[in-house]
Every structure is written in structure tokens, then in C-alpha cells.
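One letter stands for each residue in the lines below.
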Amino acid sequence: MIDPWGSNQYFDYEKLMKEFGISAPDNFFDHYLFRRHLIFGQRSIDYIEYAIKNRIKFNAVTGLMPSGAMHLGNKITIDQIIFFQGLGADVFISVADLESYATRNIGFERAREIAINNYIVNYISLGLKPCRIYFQSEDKDTQRLAFILSNETNMTELKAIYGLNDSSSMLHVNSPLIQAADVLHSQLKKFGGPRPTIVPVGVDQDPHIRLMRDLASRLRVYSVSIKDGYVLISIKGTMDSRKFIDDAVSLLNNYDASYNYDYRTIELKNSTENDKIEIDLKLSLLESKYNDLDFIAPSATFQKLETGLKGGKMSSHVPDSLISLNDDESDARRKIKSSLTGGRKTIEDQKIYGGNPERCPVYELYLYHDKDDKNVQRVYEECRGGVRMCGACKNEASEMISRLLNELKEKKDESLSKIDEYLSHE
Ligand code: SF4
């Protein structure tokens, strides 16, 4: 069971992939997070690849909980969102002020202030272009959709996914539905209708991804699967299936299709995975004639979680475990100086045996935040080879992080002046 609300850190990525059916990414995306396998898994990312190759519009969605400061560990998600925006995605960002009110007792005005000053300003400084950023407490689209989605699941399912029991808070029922609505609402007609949608998350959020993908499928009037070179389309019993089958067959006239009105199925011979995606996307447009709530199951990337400077998860309860993007250079240097390392007990041992970068939060600073592949490789090899000492290594990491923090500081006022181009006023 993965607990999205707990403080566990999940390290055994291979086991997680096996147990929860998460696939490895291919080498389609040329970005250092993919190249360094910091994004270790995905669900149906082939839909996003298809959209990019065929210049079809797609969405990228994320959320932020306005409590405390944005830290380096949060940055990886927005780095991906900016990357996908550069590849053509329309971006949607939910400010989870309902959740911060319920779980941290942070009022809506205060949440707004935190979201803007600690998060959104940094997103803009990091390169985010105008997009739709909205507050959960104000957004009628997501609230309505969450209510509708609640009719598509039940307590048995939520208990199975989240391990809830009779004394679980109802927040753990409402929150996944709101998050599903945050993602799926990006495909409402007013935002362009059903589209491939990518959601970058930490693996601890996978239960939410599984639930929202299932909910999206349940609201559709058809399902598409592929086996042995056949694509099978099955139409649900709640609609005029004859009409849908006729329309679908004429839409897919370049395929070798046979259909059965009684079983409500269409079979397409000699089809590939790529055909399946093309068929699904074509049918989703057809479906929107019949169905107002027509969603393509969202895709996800799963990123590894950066280790805190004190080991374990970065946590605002342990301020020295993380570097906030609003920290001063001197704070960052002090925290890095007192960080755990993967170094040996003595300099002599370090020279003889080399350090252990795989178990070093300082090495992770390079791995997650230094975009220069060659430099990261150099740090790794020097550490392993015993020619790099932890003190000097920390100084170099401090320089790199300080440059990043100073750049953000320099851009802050300009980013703040653009904020209105980002916030939804609906
Ligand atoms: Fe970590 Fe650097 Fe020490 Fe290696 S030399 S263990 S990377 S701090």
C-alpha cells in the first residue's frame, strides 16, 4: 500500500514498479531528469509522445499546497511542467487551499499570499509561461466535477486503494476526488475537450493517479484495448450504441473493421499500440457529441524523491533538511555545510576507498539541480575514485545552489509584476 499522506519515503523503485504496474520511460524525452533516471516510471506516457509527434494539443497539470516555503525537492515537478509547456502543453495548476485549510488550518487569504510569494513567483522565475492557475476554494468547475466523480466510486474501492478504515477522516475521501477533478477538468469542453494529459508526480501520489484514471474510464461510453494485433472497442449499454458504432466505423474507415451491434463491439485487425492511441483520440472527439464528461485517462510520470540533507524525506518539520527557494545564500551554505554525506570517516579512508555518492544528499544536489551532465559525472567519478573530499565538495555544491537562489531573487520583482497573467479570474 502506498500512503500519499504519510511521511514514508519509497526507495525500492523496482519493487514499486512491479507491484503497481508502473512502466519505465523510454528514451523519447531529452531532458536531464529522464536521462539521469530521476523520472523512473510512467503510466501511458505514449499518449503524450503521440500528441507531440502528431502536433495534437495536450495538457500538463500539477498542484501546489500553500503551506511553508517551496523547496528544492518541489522544484523537480515544476521543472517538468515547464519542459512539457515548452513542448506545446497547455498548463493547469491548482492551488490546494482547501487542503491547506483543512490540514494546516491556513486561512484562504494567507494561503493566497503563500501561494503567490513562495511558489508562483518562483515558477515564473524558473521559466513558466502564462497558464491557468486557480484556487480550489474559488473554482466552481473542479468543485462540480468532484461532486459528479463521487458517484463513480465507493468506500470499498477507496479502502482498497488508500487503506482507509472506519475512523479515517472524510478528508481522505474528499481530497482524492478533488485532485481527480483538478486533473480531469482540464479536459472539459471549455478548455478544449478531451486531450492527452500529463501529470508529473512523486511515486507516493500514485494511488491518486490510479483512481483518477479509473474514474476517467468509467465516465466514457466506450473502452479501447489491444491484444494480438486486434484493437477491440466496447461500447457501454447506456447509449444508442448502433448510432455510435456506425459513426465510429465511418470515422475509422482506413482500418479493417468488423462490428457487432448485439455485443456492442468493433474489432480492428492488424493494429498496433500506436493505432490504439490514434483510435482512442479520434473516438474521444466523436464521444464528446454523446457525452459532456468525456475524458482521456491521464498519463503520469513518477519522479524519485530527493533525499533531505539530514537523510530521509525533506520535511518542513526539520527545517535544516531542506533548502527553501526563498532561503538566503548564507542559510543554504550553512545547511549544506551541516549535511550528511556519503563520505568515509577519515580523509585517508576517503582517499583509499572513495566516497559513496549513491548515499549522499550532497551528491543529490548535483544530480537534481546541476543541468550539466558532464559536471555531475565528474563529481560522481571523483567521489568514487577518492580524489574528492566532502568539505570541498560541499563548497562547490553551495556555489551552485547559491547561484540558483540568487538568480531567483534577482527575477523576483519582475515575476511578481506578471502574476495577473497567470491567475484565473473566473
Ligand atoms: Fe558526497 Fe561529495 Fe563527499 Fe562524495 S565527496 S560523499 S559526493 S559530499
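Definitions and limits used
- Residue indices follow the written sequence of each chain, beginning from 1 at its first position.
- Confidence filtering applies because this is a predicted model: local features only for residues at pLDDT of at least 70, side-chain atom pairs given and counted only at 80 or more, and all residues used for totals across whole chains, interfaces and linings.
- Calculation of side-chain values draws on the structure's entire complement of heavy atoms; hydrogens and water are dropped beforehand.
- Strands are runs of DSSP state E lasting at least 2 residues, helices are runs of H or I lasting at least 4, and numbering of each runs from the N terminus.
- Whether a residue is buried, partly exposed or exposed follows from its accessible area with a 1.4 Å probe, protein chains only, as a fraction of its type maximum: under 20%, in between, or over 50%, in that order.
- Salt bridge, as applied in this entry: a Lys or Arg side-chain nitrogen positioned within 4 Å of an Asp or Glu carboxyl oxygen.
- UniProt positions are given in the numbering used here, feature names are shortened, and annotations may be inferred rather than shown by experiment.
- Within this scheme a cavity is a closed region of a 1 Å grid, computed over the protein atoms alone, that accommodates a 1.4 Å probe without allowing it to escape, whereas a pocket is open but has protein on both sides within 12 Å along at least five of seven lines; lining residues each have an atom within 4 Å of a point.
- Grid points are joined across faces, edges and corners, and a volume is the space filled by probe spheres set on the points.
- For every domain, the bounds stem from an assignment made automatically or drawn from a database.

1. Focus: unusual backbone geometry
Even without being glycine, R55 reaches a positive phi, approximately 55 degrees. For R55, the position within the fold is in the loop between helix 3 (46-53) and strand 2 (59-64). Of the residues examined, R55 reaches a relative accessible area of 80% and is grouped as exposed. Even without being glycine, N270 reaches a positive phi, approximately 50 degrees. Among the secondary structure elements, N270 is positioned in the loop between strand 9 (265-268) and helix 12 (273-287). For N270, a relative accessible area of 67% corresponds to the exposed category.

2. So, the pattern of salt bridges
Summed over all chains, the structure comprises 34 salt bridges. Across the pair R220 and E287 runs a salt bridge, and its minimum N-O distance is 3.4 Å. On the criterion of sequence distance, the pair formed by R220 in the loop between helix 10 (206-219) and strand 6 (222-227) and E287 in helix 12 is long-range, its members being 67 residues apart. Each member of the pair, R220 as well as E287, is classed as buried. Note that R384 is salt-bridged to E358, the shortest N-O span being 2.9 Å. With a gap of 26 residues between them, R384 in helix 16 (residues 373-384) and E358 in the loop between helix 14 (347-353) and helix 15 (361-369) connect regions that are remote in the sequence. According to the relative accessible area criterion, R384 is partly exposed, its value standing at 35%. Judged by relative accessible area, which is 48%, E358 ranks as partly exposed. Through salt bridges with shared partners, one network takes in D30, R35, R36 and D373.

3. Here we look at the UniProt feature "short sequence motif: 'HIGH' region" (unreviewed entry) in the protein
When the UniProt feature table is mapped onto this chain, "short sequence motif: 'HIGH' region" (unreviewed entry) is found at residues 66-74. Regarding residues 66-74, the helix share stands at 33% and the strand share at 0%, and the terminal C-alpha atoms are separated by 12 Å.

4. Re the layout of surface pockets
Taken as a whole, the largest pocket spans an internal volume of roughly 1,700 Å³. Of all the secondary-structure elements, those providing two or more residues to the lining of the largest pocket are strand 2, helix 4 (72-86), helix 5 (97-104), helix 6 (108-126), helix 9 (171-184), strand 5 (197-202) and helix 10. Per-element tally for the lining of the largest pocket: the top contributor is helix 4, with five residues. In this structure, the lining of the largest pocket is formed jointly by two domains, domain 1 (13-218 + 295-303) and domain 3 (319-421), each of which donates at least three residues.

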